[in-house]
Amino acid sequence: MEDIKIKIIIPFPTNRAAQIAYDVLRIDPEPKRNHIKKEYVLDDNILSVEFCGDIAKNVRTALTNFYESLILCVETQDQFGPPLSEEYNYY
Amino acid sequence: MVITLGFEGSANKIGVGIIRDGKVLANVRKTYVTPPGFGFLPKETAEHHREKILGILKEALEVSKVEIKDIDVICYTKGPGMAPPLLTVAIAARTIAQVWNKPILGVNHCIGHIEMGRLITKAKNPTVLYVSGGNTQVIAYSNRKYRIFGETIDIAVGNCLDRFARIIKISNDPSPGYNIEQLAKKGTKYYPLPYSVKGMDISFSGILSEIEKKALPHKANKNRKKKVEDEELPSHEDLCFSLQETIFAMLVEITERAMAHCGSHEVLIVGGVGCNERLQEMMGIMCKERNAKLFATDERFCIDNGIMIAHAGWEMFTTGTRMKWDEATITQRYRTDDVEVTWDVASDE
């Protein structure tokens, strides 16, 4: 049962900025007890994330946590960017 | 020449350090200080770190005068610690690694303390006492691992001190442990407390309950007929003194036993509680009796900092440790003996 679905679509100024946010945010697994399915899709400069779950409270928590991480990632890019390379070259 | 940048933020300290082959270039830190009577909670701590981390990074870069192109690897604390603050730091570290196109390396917090301590004090192969707000371990190196000889079976020694500071509502600025230490200097009367060494392990939660009863008898015994007058209450100074003497004696005992077992003649104290001068003094007396040498650092390096992560990362990186991008996550549980030591600590027999 995954009744509740939220999809957020975030446009970035460049493809690389979206790529960075995608790579930075996608690797953390959701806590197991949260029972949330999270799916990241990257399409050029658009990052979209879909949250699915059956308990509204958990979906909201997952969403809030995601926003906090996203904002930090974007601020970091703003203050220390623009990216020095078009792609990430390590492992 | 290898330059590493380290982010630390597993508890209420947030720090960035930059190091070049053992030379400290920058060590910037901020502490999330809560009002008296209150501890730091994961969510609020993470919020504090989110606010400060980028400013601290900028300051560290300015102080160090390194150019971004000269930095070789970005290190961050992978664990152990509180999840929200760890995650905050990991997100910033990952973004920086991507923006600057640098490799990333997750470091074990405990290993960070040990390697930092060895670097600063030049201890070669010490028996390590790691005492902080979240950890209490006696550690010795053997066969590519830092082995845990003894540890707390409930709360950490620093947690016991922090919580006692909250019970008697003393200031958390600069740290509860520091303020307890200052009060204890004025204490003269020793109140007996439970002494709970269990083999090589130790326990602090019972001591905390006992001292809470002594500090707040009204709360502990509501039905008591005879009202306790304020004059009868033990002074905070005496309680702090009694608490420190008891728990530090326990720590010295297990450290001494680990030394005897390993035939070690060096002790290194690391972690936030390690900057307590009374603990250093007591350990020093034991070391003198055993003809051993004591190594300790001051608050710049004892208390969590970015340099320890940068330096442990440096040791790992220069001996070939690499981390895949998808492994650059965090973990709340990450034991000291989970880490394979790839660098030279002592010649293995």
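As the structure is a computational prediction, the values presented were derived from the model and not from experiment. (Residues numbered from 1 in each chain as written. Chains lettered and ligands numbered in written order. Predicted model: local features only at pLDDT ≥ 70, side-chain atom pairs only at ≥ 80, totals over all residues. Heavy atoms only, no water.)

Asks: Explain the state of the cysteines to me, please; I cannot follow it from the model alone.
Replies: Note on terminology: a disulfide is the covalent bond linking the sulfur atoms of two cysteines. All names here are of chain B. This model, assessed by the stated rule, comprises zero disulfides over all chains. Between Cys 110, a free cysteine, and Cys 302, which holds the nearest cysteine sulfur, the sulfur-to-sulfur gap is 14 Å. Of the cysteine sulfurs around Cys 275, a residue in no disulfide, the closest is that of Cys 302, at 4.9 Å. (Disulfide = S-S within 2.5 Å.)

Asks: Can you help me understand the interface of chain A and chain B in this one?
Replies: Many descriptions give the size of an interface as the accessible area lost when the pieces come together. Opposite the 28 residues of chain A that make contact, chain B presents 30 residues. For the pair chain A and chain B, the two sides together bury roughly 2,600 Å², of which 64% comes from carbon and sulfur. The largest per-residue losses of area from chain A upon contact with chain B belong to Phe 80, Tyr 88 and Tyr 91 of chain A, which jointly make up 30% of the total buried on that side. Applying the counting criterion to the chain A and chain B interface returns three salt bridges. Residues Asp 326 of chain B and Arg 26 of chain A are paired through a salt bridge, measuring 3.3 Å at the closest nitrogen-oxygen approach. At the junction of chain A and chain B, the tally comes to 10 residue pairs in polar contact (both at pLDDT 80 or more). For the side of chain A that touches chain B, the elements supplying multiple residues, two or more each, are helix H1 (15-26) and helix H2 (56-80) of chain A. Looking at the side of chain A that touches chain B, the element that brings in the most residues is H2 of chain A, giving nine residues. The residue inventory of the side of chain A that touches chain B, partitioned by class, reads 14 nonpolar, seven polar and seven charged. (Contact = heavy atoms within 4.5 Å. Buried area = accessible area lost by both parts, 1.4 Å probe. Salt bridge = Lys/Arg side-chain N within 4 Å of Asp/Glu carboxyl O. Polar contact = N/O pair within 3.5 Å; in protein donor to acceptor, adjacent residues only side chain to side chain. Helix = DSSP H or I, 4+ residues; strand = E, 2+ residues; numbered from the N terminus. Nonpolar A, V, L, I, M, F, W, Y, C, P; charged D, E, K, R; others polar.)

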